[in-house]
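# Notes for the structure review
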Amino acid sequence: MAFTDLLDALGGVGCFQLVYTALLLLPCALLACHTFLQNFTAATTPHYCRYPTNYTEATPNDSAAWLRAMVPLDQHGVPESCQRFVKPQWTLLSPNTSVHGVATETCKEGWVYNRSAFPSTIVMEWDLVCEAGTLPDLAQSVYMAGVLVGAAVFGSLADRLGRKAPLIWSYLQLAVSGAATAYVDSFSAYCIFRFLMGMTFSGIILNSLSLVVEWMPTRGRTVAGILLGYSFTMGQLILAGVAYLVRPWRWLQFAVSAPFLIIFLYSWWLPESSRWLLLHGRSQQAVQNLRKVAAMNGRREEGDRLTSEVVSSYIHSEFANVRTSSSILDLFRTPAIRKVTCCLMMVWFSNSVAYYGVAMDLQKFGLNIYLVQALFGLIDIPAMLVAATTMVYVGRRATVASFLFLAGLMVIANMLVPEGMQTLRTAQAALGKGCLASSFICIYLFTGELYPTEIRQMGMGFASVSARVGGLAAPLITTLGEFNPILPPMAFGATSVLAGLAVTCFLMETRNVPLAETIAAMERRVKETPSKKDAEEKREEISLQQLGASHLKETI
C-alpha cells in the first residue's frame, strides 16, 4: 500500500486538506502582485525638462507659456521629454510661429512629471527616463535573476531541511525585504531588495506546491495543481485593485508586502510533510502530524491507532522501487532524450520570454492601466479551461503547438494595428497572453509525460531553468524598443512561433500513451512504431496526479 492510501484512511480530501491548501495558495496569489508590481511602481508618465534655476530673465506667471517657450515640440506636437531650448524662445508664444536651428540641451536640472495618474513612482523619484530609461527593465531582470537563484538555493534547502523551514524563511524574507524596499533612497538599494524578493518567489512556490501535493490524496492532486494556476491569476486581479486604491509607489510596495508578516506568523501552525519526515527517519514526528490530520478530518480513532512501524511501512511501499538518475548528463546521452531535452529547453524559454514580455509592458496600449491589468488576469481563466479540455480530447502536442502559434501570430499582428486603435491592440495582446498562459499549463503536463520516470524530476527541473532564463531575458528584450519599437514584439512573436514549430516537428504525442519508466524504454518507443491495436490496448488517460509530487515542484 502507498502513502496516499494512508491519507485516504485518515479522511482523504478532508477539512485539513482544504484549510491547508487555502493557507498555502493565498501567499502564492500575493506573489503575482510582486511579479507584476513594476507595471505600477515603475510606470512612466508624461514628463519634460525642468526650468533652469539660474535663469534671471522675467518669468511669465503662466506655466504653460513658459513650457511652450522653453521646451520644443516633437513630430506629434507633444513637448519633448529629453530636450529643452538653451534660451527661452518667447516668439513661440505668438500664434503660427515656429523656430528652426535653435540650440537645445539635455535636462540638466531634471524633469517635471505629470502626477495625475501616479503621484509617485520609482521613475519620478530617481529620474529613470531618457538616458536612464532602460533601468526599470533592468530592475525587473534583477528580480527574475533572484527567481533563478532562489530555485537553486531553496530547492537544495528543501531536500535537506524539509519543506516547512525554507517556506517560513521565505515568508519572512519577503515581508522584510518587501517592506524595506518601500524605504530605500537609491536605485541600487532598490535592485538589491528586488533580488531578495525574487529569491523568495521560488522558495514559496516550490515548497508550497510540495506541501500541498504531499499532503493531498491522489484524487485531489489534479484539482490542487489547477488551483495553484488560478491563484496566480487571482493575484493579478488583486494587484489591479490594490494598485488602483493605493497610488504612491512606496505605499503600494508596503501594501503588497505587509501581509506576508501575517502569513509568516500563521505558517508556524502548518505541519511539516510527513513523507519527508519518514524518508529522513523522523517517524515519531510524522505520526504526531498524521494524528493531527486525522483529528481535524474527524478520524481521531484511526489516528490514535497509528504507530511508527505502520506509517513507515506505507512510505517504504511507495518508494521501494524509486530510482534517481546520477547525472544531469542523462538528459543528453541518448538520441531520443537529447532531442526531447533540447526541444523543451527552447519551448520553455520561448513561452516564458513571450509571456513576461507581453504582461510586463501594459502602458504601451494607451488605455487605463488598471483595467488592462485586470483584463490580462481575467483572460487566463477561460484560456486555461480551454487548454485543459483540448489536452484531453485533442492531444498534448496539438494543444501546445496551437496555443504557441496563435500567441505568436497575435503578438506579431499587433504591430500592424495602427496606434490609434488601442482597444483592438489591447484585445489582441490579451488573447495572446491568454494563449501563452494556457500553453504554460500544457507544457508542465507534456514535459512530465515525455520524460521517463527515472529522470522525470531532473528533466522537469532542467526545463524550468530555461523558463527562468526566459523571464530574465524578457525585460532586456523590451529595452530594444528604445532603438526600434518593432523589435520587442517581433522577438516575442517569432520565438513563440518557432517554439510551436519545434513542438510539431520534434515532439511525440503522449495522449493515451503509458508513461515510459526507463531511458531504454523511451529509446525503444521512439525507434519502434506501435501498431494501432497495441496502442488501443494500452489506452489510458494521463493526468497530473499520475506524474507524482516530484516534478510538480516547479510552477509558472
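On a predicted model such as this, the values are computed, not experimentally measured, just so you know. (Residues numbered from 1 in each chain as written. Predicted model: local features only at pLDDT ≥ 70, side-chain atom pairs only at ≥ 80, totals over all residues. Heavy atoms only, no water.)

## A look at the overall build of the chain
Broken down by element type, the chain carries 24 helices and 4 strands. A total of 556 residues make up the chain; the buried ones form 52% of that total. Long-range pairs, those at least 24 residues apart, make up 79% of the contacts in the chain between residues at least 6 apart in sequence. Of the roughly 24,200 Å² of accessible surface on the chain, a fraction of 63% belongs to carbon and sulfur atoms. (Helix = DSSP H or I, 4+ residues; strand = E, 2+ residues; numbered from the N terminus. Buried < 20%, exposed > 50% of the residue type's maximum accessible area, 1.4 Å probe, protein only. Contact = heavy atoms within 4.5 Å. Areas by Shrake-Rupley, 256 points an atom, 1.4 Å probe, with all protein chains shown as cover.)

## Let's talk about the state of the cysteines
All told, the structure shown has 2 disulfides when counted by the stated rule. Shown here is the disulfide that connects Cys-49 with Cys-107, its sulfur atoms set 1.7 Å apart. Residues Cys-49 and Cys-107 share a disulfide whose torsion about the S-S bond is about -55 degrees; that sign makes it left-handed. Of the two residues, Cys-49 is situated in strand E1 (residues 47-49) and Cys-107 in the loop between strand E3 (104-105) and strand E4 (111-113); the sequence distance between them amounts to 58 residues. Cys-49 gets classed as buried once you look at its relative accessible area, which sits at 1%. When its relative accessible area of 9% is taken as the criterion, Cys-107 is described as buried. (Disulfide = S-S within 2.5 Å.)

## Considering the environment of Ser-438
Along the chain, Ser-438 falls in helix H20 (residues 422-450). Sequence-wise, Ser-438 and Phe-403 are 35 residues apart; in three dimensions their C-alpha atoms are separated by 7.1 Å. Leaving out residues up to four positions away in the same chain, Ser-438 has contacts with Ala-383, Met-384, Ala-387 and Phe-403.

## So, the packing of aromatic side chains
The tally for this structure, following the rule as stated, stands at 21 aromatic pairs. Note on Tyr-244 and Tyr-370: the rings are 5.4 Å apart at their centroids and 85 degrees apart in plane angle, and the pair reads as edge-to-face. With Tyr-244 in helix H9 (residues 218-245) and Tyr-370 in helix H17 (residues 369-378), the pair connects residues that are 126 residues apart, well separated along the chain. On the basis of relative accessibility, which here comes to 48%, the residue Tyr-244 falls in the partly exposed class. (Phe/Tyr/Trp six-rings, centres within 6.5 Å; stacked < 30°, edge-to-face > 60°.)

## Quick word on the pattern of salt bridges
If you walk through the whole model with that rule in mind, you get 6 salt bridges. Residues Glu-105 and Arg-84 are paired through a salt bridge, measuring 2.9 Å at the closest nitrogen-oxygen approach. One end of the pair, Glu-105, is in strand E3; the other, Arg-84, is in strand E2 (residues 84-85), with 21 residues separating them in the sequence. On the basis of relative accessibility, which here comes to 17%, the residue Glu-105 falls in the buried class. Judged by relative accessible area, which is 2%, Arg-84 ranks as buried. (Salt bridge = Lys/Arg side-chain N within 4 Å of Asp/Glu carboxyl O.)

## Notes on helix H7 (residues 164-181)
Spanning 18 residues, H7 covers 26 Å between terminal C-alpha atoms, matching the ideal 26 Å at 1.5 Å per step. Among the residues of H7, Pro-166, Leu-167, Ile-168, Ser-170, Tyr-171, Gln-173, Leu-174, Ala-175, Ser-177, Gly-178, Ala-179 and Thr-181 are the ones counted as buried. In this structure, the buried side of H7 is in contact with helix H2 (15-35), helix H6 (135-161), helix H8 (187-215), helix H10 (249-257) and helix H11 (259-266). (Expected span 1.5 Å × (residues − 1).)

## Considerations on the side chain of Glu-105
Among the polar contacts listed, one links the side chain of Glu-105 to the side chain of Lys-108, at a separation of 3.4 Å. For Glu-105, the residues in contact, after removing those within four places along its chain, are Cys-82, Gln-83, Arg-84, Phe-85 and Val-86. (Polar contact = N/O pair within 3.5 Å; in protein donor to acceptor, adjacent residues only side chain to side chain.)

## Re the side chain of Ser-274
Mapped onto the secondary structure, Ser-274 falls in helix H12 (residues 274-279). Accessibility expressed as a relative area gives 1% for Ser-274, which makes it buried. Looking at Ser-274, its side chain comes within polar contact range of the main-chain oxygen of Ala-286, at 3.3 Å.

## Focus on the packing of helix H18 (residues 380-393) against H20
As a packed pair, H18 and H20 sit with axes 8 Å apart at the nearest point and diverge in direction by 40 degrees. Between H18 and H20, the angle falls in the class oblique. Between H18 and H20 lies a crossing whose hand is right-handed. The segment H18 lies against H20, with Asp-380, Ala-383, Met-384, Ala-387 and Met-391 engaging Lys-433, Gly-434, Ala-437, Ser-438, Ile-441, Cys-442 and Leu-445. Of the residues belonging to the contact of H18 with H20, the class tally is 8 nonpolar, 2 polar and 2 charged. (Axes fitted to C-alpha atoms, helices over the stretch in contact; angles between N-to-C directions. Parallel < 35°, antiparallel > 145°, perpendicular 65-115°, else oblique. Left-handed = near helix turned anticlockwise from the far one by under 90°. Nonpolar A, V, L, I, M, F, W, Y, C, P; charged D, E, K, R; others polar.)

## Things to note about H2
When the terminal C-alpha atoms of H2 are compared, their 31 Å separation across 21 residues agrees well with the 30 Å that a helix rising 1.5 Å per residue should span. With 15 of 21 residues buried, H2 is to be regarded as a mostly interior element.

## Section: a nonpolar patch on the surface
On the surface, Leu-480, Phe-483, Ile-486 and Leu-487 cluster together into a nonpolar patch covering about 390 Å² of accessible area. Structurally, the position occupied by Ile-486 is in the loop between helix H21 (456-478) and helix H22 (487-506). According to the relative accessible area criterion, Ile-486 is partly exposed, its value standing at 43%. (Patch = residues over 30% accessible without salt bridge, like charges linked within 9 Å, V, L, I, M, F, W, Y side chains within 5 Å.)

## Re the confidence of the model for the chain
On average, residues of the chain carry a pLDDT of 80, and 88% of them reach 70 or more. Per-element mean pLDDT across the chain ranges from 43 in helix H24 (residues 532-537) up to 94 in H10. Segment residues 529-556 is flagged for pLDDT under 50; beyond a separation of four residues in sequence, or across chains, it makes 69 contacts in the model. (pLDDT = per-residue confidence, 0-100.)

## Topic: unusual backbone geometry
Of note, the phi angle at Asp-127 is positive, near 55 degrees, even though the residue is not glycine. When you line up the elements, Asp-127 lands in the loop between helix H5 (122-126) and H6. Judged by relative accessible area, Asp-127 falls into the partly exposed class, the value being 27%.

## Structural notes on the packing of helix H16 (residues 335-359) against helix H23 (residues 519-527)
In the contact formed by H16 and H23, the axes pass within 8 Å of each other and the chain directions differ by 90 degrees. With respect to their mutual orientation, H16 and H23 come out roughly perpendicular. Mapping the contact onto sequence places Pro-335, Ala-336, Ile-337 and Val-340 in H16 and Ile-519, Met-522, Glu-523 and Val-526 in H23. Residue composition of the contact of H16 with H23, by class: 7 nonpolar, no polar and 1 charged.

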